[in-house]
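Analysis of the macromolecular model
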Amino acid sequence: MYGYDIFHDRLMDTLIGNLRNGTNAAAYIFEGVKGLRVYESALLFAKALVCDNPKDAPCCHCPSCREAQAGTHPDILFVNRERGKASLGINPIRDMITEAMVTPFFNQHKVFIIKDGDLLTAEAQNAFLKIIEEPPEYAVFIIICPDAQTLLPTVRSRAITIPFTPVNDDIVRKYITEKYPDEPRVDFLVKYCAGIPEAADDIIDREDFEQLREDALSLVPKILSKNKIHAYTVSEYFENHAEIAAELYDMILTYLRDALVTALGSPEKIVNADTSDKIDILARTYPTGLLVCAIDEIIYSKKLLDRNVKTSATAMHAALKVVSDI
Ligand SMILES: [Zn+2]
């Protein structure tokens, strides 16, 4: 679309339509997880903002559009973390504010794309607030963020949040079949990616993916067993696979959800169709209440990972909590 491969054409059409009618905000939050090409969508919007033909933006042939497409437009600026820093602190935001006081080189807009919005410190956000409270009329700020809720309410209230939600299965299928024409697991991947097309890249690139799926499936009965020895086994497995704990939790979740939908009478909705016989056994062996409880605990344990809780401890928590809750 207008020179960018994106997944949210209709959403961008609406945004660009508003822009052509002269309606745009000073600050946007482009909210969407990795794998949905939110960054590329922000680049497209920036191109439309700087286009020399506002009624037809992005026209794709004016000098501004060409510079934007080449990544060399002087009025499209990127705000990144400082080298070696885990968060996006106040220094890059101060630099951005200084830059924002300088009028655009070319025409009516100067665009700032803030990647990693979820890593903005509170101090940086408060500095940012000052500029979006009274922004220069030409400045447009785009914060890219997987979850807008991680930003301060005061920032959210002064920006328009554009939600990049997971896309439908047809878009995921098209992406996979065009990029990987020889991939035999298309039906599985479409369901597993759950609306995030580029999630397929990580799966296809990962040589041990099928082995990990097998392992995850074998951990499920241990988590559901109400047995403390099994809880230790689960914890130990996670300890040995700490670097991929989040993916393992996701795999376990898909099996638990599959068992639940099977138990509730909709086996056609399962993701792991290739192991439907084993999921059937899970659905018949464990009560639905226990499956629901395990799903909640796995989701919670995955969140603990984000808070830097030791991986084996999160897994132990999940397995033992399931035991104690029932
Ligand atoms: Zn143009």
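Residues numbered from 1 in each chain as written. Predicted model: local features only at pLDDT ≥ 70, side-chain atom pairs only at ≥ 80, totals over all residues. Heavy atoms only, no water.

Some thoughts on the overall build of the protein
- The secondary structure content of the protein amounts to 15 helices and 5 strands.
- Within the protein, the fraction of its 326 residues that count as buried is 48%.
- Entry remark: accessible area of the protein is about 16100 Å², with carbon and sulfur atoms responsible for 51%.
- On the protein, the mean spot of the 35 positive side-chain charges and the mean spot of the 48 negative ones are 4 Å from each other. (Helix = DSSP H or I, 4+ residues; strand = E, 2+ residues; numbered from the N terminus. Buried < 20%, exposed > 50% of the residue type's maximum accessible area, 1.4 Å probe, protein only. Areas by Shrake-Rupley, 256 points an atom, 1.4 Å probe, with all protein chains shown as cover. Lys, Arg positive; Asp, Glu negative; His and termini not counted. Charge placed at Lys NZ, Arg CZ, Asp CG, Glu CD.)

What about the sheet that holds strand 2 (residues 76-79)?
- Taking strand neighbours across the sheet as the criterion, the 5 strands line up as 2-3-4-1-5 in an open arrangement whose pairing is parallel. Two strands bound the open sheet, and with one partner strand each, they are strand 2 and strand 5 (160-163). Neighbouring strand axes in the sheet, compared pairwise and without regard to direction, differ in orientation by 20° on average.
- Those strands touched by helix 5 (residues 122-133) are strand 1 (27-31), strand 3 (110-114) and strand 4 (139-145), and its axis lies near 145° from that of strand 4. (Pairing = 2+ DSSP bridges. Axes fitted to C-alpha atoms, helices over the stretch in contact; angles between N-to-C directions. Contact = heavy atoms within 4.5 Å.)

Comments concerning helix 3 (residues 63-70)
- Those residues of helix 3 that fall on the buried side of the exposure criterion are Ser64, Cys65 and Ala68. The buried residues of helix 3 occupy an angular sector of 100° when projected down its axis, which confines them to one face. The exposed residues of helix 3 that point more than 90 degrees off its buried face are Arg66 and Ala70.
- Its buried side turned inward, helix 3 meets helix 2 (38-50) and strand 2.
- Remark: glycine 71 follows helix 3 within two positions and exhibits a positive phi of approximately 80°. (Arc of directions from axis to C-beta.)

So, the pairing of strand 1
- Summarising burial for strand 1: 4 of the 5 residues are buried, a large majority.
- Bridge count for strand 1 against strand 4 is 5 bridges, and the pairing is parallel. If you follow glutamate 31 over to strand 4, its bridge partner there is cysteine 145.
- In this structure, strand 1 lies alongside strand 5, joined through 4 bridges in parallel fashion. Each bridged residue has a counterpart across the sheet, and for phenylalanine 30 the counterpart in strand 5 is isoleucine 162.

Things to note about the nonpolar core
- Phe30, Phe45, Ile113, Ile176, Phe238, Ile252 and Leu256 are the most contacted members of the largest nonpolar core, which has 84 residues in total.
- It is helix 12 (residues 245-263) that contributes the most residues to this core, 10 residues altogether.
- Residues from two domains meet in this core; each of domain 1 (9-163) and domain 2 (206-325) gives at least three.
- Apart from the residues lying within four places of it in its own chain, the contact partners of leucine 256 are Val220, Leu224, Leu291, Ala294, Ile295 and Ile298.
- Membership of the second largest hydrophobic core comes to 27 residues, among which are Ile93, Ala124, Leu129 and Ile131. (Core = buried A, V, L, I, M, F, W, Y, C linked by side-chain atoms within 4.5 Å. Domains from an automatic or database assignment.)

Section: the coordination of the zinc ion
- With distances of 2.2 to 2.4 Å, the protein atoms coordinating the zinc ion are Cys51 (SG), Cys59 (SG), Cys62 (SG) and Cys65 (SG).
- For the zinc ion, the 4 donor atoms in the first shell make angles of 102 to 119° at the metal, a pattern classed as tetrahedral.
- Here the donor residues for the zinc ion map to a single chain with the spacing C-x7-C-x2-C-x2-C. Just as cysteine 51 is buried, cysteine 59 falls in that class too. (Donors = N, O, S within 2.8 Å, 3.2 Å for Na, K, Ca; no water. Tetrahedral: all angles 85-135°; square planar, octahedral: opposite > 155°, others 65-115°.)

Here we look at the packing of aromatic side chains
- Here the structure, examined in full by the defined rule, presents 12 aromatic pairs.
- Ring centres of phenylalanine 112 and phenylalanine 141 lie 5.2 Å apart, and the angle between their planes is 20°; on these two criteria the pair is classed as stacked. Pair noted here: phenylalanine 112 is in strand 3 and phenylalanine 141 is in strand 4, with a separation of 29 residues, a long-range link. By the burial criterion, phenylalanine 112 is buried, and phenylalanine 141 matches it. (Phe/Tyr/Trp six-rings, centres within 6.5 Å; stacked < 30°, edge-to-face > 60°.)

Looking at the domain arrangement of the protein
- Segmenting the protein into domains produces domain 1 (9-163) and domain 2 (206-325).
- Measuring from the centre of the C-alpha atoms in domain 1 to the corresponding centre in domain 2 gives 39 Å.

With respect to the pairing of strand 2
- Of the strand pairs in this sheet, strand 2 and strand 3 are connected by 4 bridges, and their pairing is parallel. Within strand 3, the residue paired with leucine 77 across the bridge is phenylalanine 112.
- Regarding topology, helix 4 (residues 90-100) serves as the crossover connection from strand 2 to the parallel strand 3, and that connection is right-handed. (Right-handed = clockwise from strand over helix to strand, strands pointing away.)

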